[in-house]
Amino acid sequence: MRRPRRPVGSWVYYSLEGGLLWPCPVHWEWESRYGGWLPFYCSPTLEYIAADPLKVVKRPASRMATKATVARIREQRLQDREE
C-alpha cells in the first residue's frame, strides 16, 4: 500500500505561551503507527513536538490573511484555556 502525499505548502502551528501567540514552523513526518503524516513543530524552547493535525494551518499568502488567522486562533486558544 502506498502512502498518501505529504501536505504541500508552508504550514504553521500557533502556540500560546505566556499570553503570546508564537508562530511555529511545521515539519511533516510519516508515522506508520498513526497511519498518516503527523505534524511536528519547533517550539519556542527549540524542541520538536508533535502537534494536533487539526490545529495546524497553512500559512496564508497575504499579510491581511495572516492577521485575520492569528486573531482567530488567539481567540480560540484563549477560550480553550478558560474552559
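We now turn to the structure provided with this report.

Cut-offs used in this document
- Residues numbered from 1 in each chain as written.
- Predicted model: local features only at pLDDT ≥ 70, side-chain atom pairs only at ≥ 80, totals over all residues.
- Heavy atoms only, no water.
- Helix = DSSP H or I, 4+ residues; strand = E, 2+ residues; numbered from the N terminus.
- Contact = heavy atoms within 4.5 Å.
- Areas by Shrake-Rupley, 256 points an atom, 1.4 Å probe, with all protein chains shown as cover.
- Core = buried A, V, L, I, M, F, W, Y, C linked by side-chain atoms within 4.5 Å.
- Buried < 20%, exposed > 50% of the residue type's maximum accessible area, 1.4 Å probe, protein only.
- Pairing = 2+ DSSP bridges.
- Axes fitted to C-alpha atoms, helices over the stretch in contact; angles between N-to-C directions.

### Comments concerning the overall build of the chain
In step 1: The helix and strand tally for the chain stands at 1 helix and 5 strands.
In step 2: Secondary structure elements of the chain, listed N to C terminal, follow the sequence β-β-β-β-β-α.
In step 3: Taking the principal axes of its C-alpha atoms as reference, the chain extends roughly 40 × 30 × 25 Å.
In step 4: For the chain, the proportion of contacts with a sequence separation of at least 24, taken over those separated by at least 6, is 38%.
In step 5: Of the roughly 6,300 Å² of accessible surface on the chain, 53% is carried by carbon and sulfur atoms.

### Description of the nonpolar core
A general trend in soluble globular proteins is that nonpolar side chains are found buried together.
In step 1: Counting residues in each nonpolar core, the largest one holds 9 residues, listed as Trp11, Tyr13, Cys24, Val26, Trp28, Trp37, Tyr41, Ala51 and Val56.
In step 2: Put simply, the parts of the chain that give this core at least two residues each are strand E1 (11-17), strand E2 (20-31) and strand E3 (36-42).
In step 3: Take this core: its biggest share by element is 3 residues, from E2.
In step 4: Each residue touching Ala51, except ones within four places of it in the same chain, is listed here: Tyr13, Leu38, Pro39, Tyr41 and Val56.
In step 5: Counting 6 residues, the second-largest nonpolar core is a separate cluster that includes Leu16, Leu21, Val57 and Ile73.

### Some points on the sheet that holds strand E4 (residues 48-50)
In step 1: Pairing in this open sheet of 5 strands is antiparallel, and the strands run E4-E3-E2-E1-E5 from one edge to the other. The open sheet has two edge strands with one neighbour each: E4 and strand E5 (56-58). Each neighbouring strand pair of the sheet contributes to a mean axis angle of 40 degrees, computed without reference to strand direction.
In step 2: Taken together, the 3 bridges between E1 and E5 define a ladder with antiparallel strand orientation. When the bridges of E5 are listed, Val12 appears paired with Val57.

### Examining the side chain of Ser15
In step 1: Note that Ser15 resides in strand E1.
In step 2: When residues no more than four places from it in sequence are discounted, the contact partners of Ser15 are Leu20, Leu21, Trp22, Cys24 and Arg77.

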